[in-house]
Amino acid sequence: MDLGISSDRTYNSFGTVYPSNTSVEGCFGQRKTTEWSTDSAFRNRRQSADLLSKPNLKDRLVYPLKAFRNRMYTTMLTGGSAGVFLGLGIGSAAGATAGFTVGLIPQALDLLTFSCEPYVIAGALIGKEVGIRGGAVLGLGIGAVSALASVAIGLALSVVHLSRDIYHAATLDKPSLDAPLPEKPWIAQKLSQELSKLK
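Residues numbered from 1 in each chain as written. Predicted model: local features only at pLDDT ≥ 70, side-chain atom pairs only at ≥ 80, totals over all residues. Heavy atoms only, no water.

(A) Just the overall build of the protein chain, in detail. Of regular secondary structure, the protein chain possesses six helices and five strands. Helices (α) and strands (β) of the protein chain occur, in sequence order from the N terminus, as β-β-β-β-β-α-α-α-α-α-α. Every one of the 199 residues in the protein chain was classed for burial, and the buried ones make up 25%. The long-range fraction of contacts in the protein chain, counting pairs at least 24 apart against all pairs at least 6 apart in sequence, stands at 67%. A total of about 13,800 Å² of accessible surface is found on the protein chain, and carbon and sulfur atoms cover 67% of it. (Helix = DSSP H or I, 4+ residues; strand = E, 2+ residues; numbered from the N terminus. Buried < 20%, exposed > 50% of the residue type's maximum accessible area, 1.4 Å probe, protein only. Contact = heavy atoms within 4.5 Å. Areas by Shrake-Rupley, 256 points an atom, 1.4 Å probe, with all protein chains shown as cover.)

Okay, here's the thing in structure tokens:
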């Protein structure tokens, strides 16, 4: 228990004087404790924090490559997912149209007998479901082409942002230079949900 602290010494309850830049050890219930002066604790904590926040040369050199990887990852996922959705849309529209057309034949015959069974609606719905599954296969092909086309977009964006990436590599602190892979774009997450429904 400290009773008083001056600029260069500390007095405890037993009247012993300790300089403020030294440590005091004691045993309490078979536990060893060490008391450091406030100045030393703050100085040591500040030094360790500075070491953690200062990136090395490797971190700064690798950051532009990580930024390029993250940009390509995002553009390829976005382009590929948009391509798959395009294939699903084409398949859905084509299937629904085909189902509607096929449903017209029994619907016309049904009208002659004055019956009102919804063959057209049922045919359109069945055609839509079949078209979506067929469109998924088509969409995978379109998505692959779109993902490859997105490479050119990602390269162009990387060239445009190269100076900014180099500036960030020279100025950011160590946690910011880590640059992990970003989350999936919204369209990619939505595509995963839709494909899981087809299974």
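(B) Seen up close, the side chain of Ser-81. Looking at where Ser-81 falls in the secondary structure, it is placed in helix α2 (residues 57-112). If we skip the residues at most four places from it in the chain, Ser-81 touches Ile-187, Ala-188 and Leu-191.

(C) Focus on the pattern of salt bridges. Taken as a whole and judged by the stated rule, the model has four salt bridges. One salt bridge connects Asp-178 with Lys-66, and the closest N-O pair in it is separated by 3.8 Å. Here the residue Asp-178 occupies a position in the loop between α5 (174-177) and α6 (186-198), and Lys-66 occupies one in helix α2, the gap between them amounting to 112 residues. Across the pair Glu-194 and Lys-190 runs a salt bridge whose closest N-O atoms are separated by 3.9 Å. You can see Glu-194 and its partner Lys-190 sitting in helix α6, four residues apart, about one turn around the helix. (Salt bridge = Lys/Arg side-chain N within 4 Å of Asp/Glu carboxyl O.)

(D) Highlighting the nonpolar core. One finds Val-84, Leu-88, Ile-132, Ala-136 and Leu-191 forming the largest nonpolar core, which totals five residues. Looking at this core, the elements with two or more residues in it are α2 and α3 (119-160). (Core = buried A, V, L, I, M, F, W, Y, C linked by side-chain atoms within 4.5 Å.)

(E) Geometry of α2. For α2, spanning 56 residues, the distance from its first C-alpha to its last is 84 Å, which sits close to the expected 82 Å at 1.5 Å a residue. Where α2 bends most, the angle comes to about 35°, and this point is Tyr-63, followed within four residues by the proline Pro-64. For α2, the capping residue at the N-terminal end is Asn-56, with a side-chain oxygen 3.3 Å from the backbone nitrogen of Lys-58. (Expected span 1.5 Å × (residues − 1). Bend = angle between axes of the 7 residues up to and from the residue. Polar contact = N/O pair within 3.5 Å; in protein donor to acceptor, adjacent residues only side chain to side chain.)

Functional significance is not addressed by these values, which are geometric in nature.
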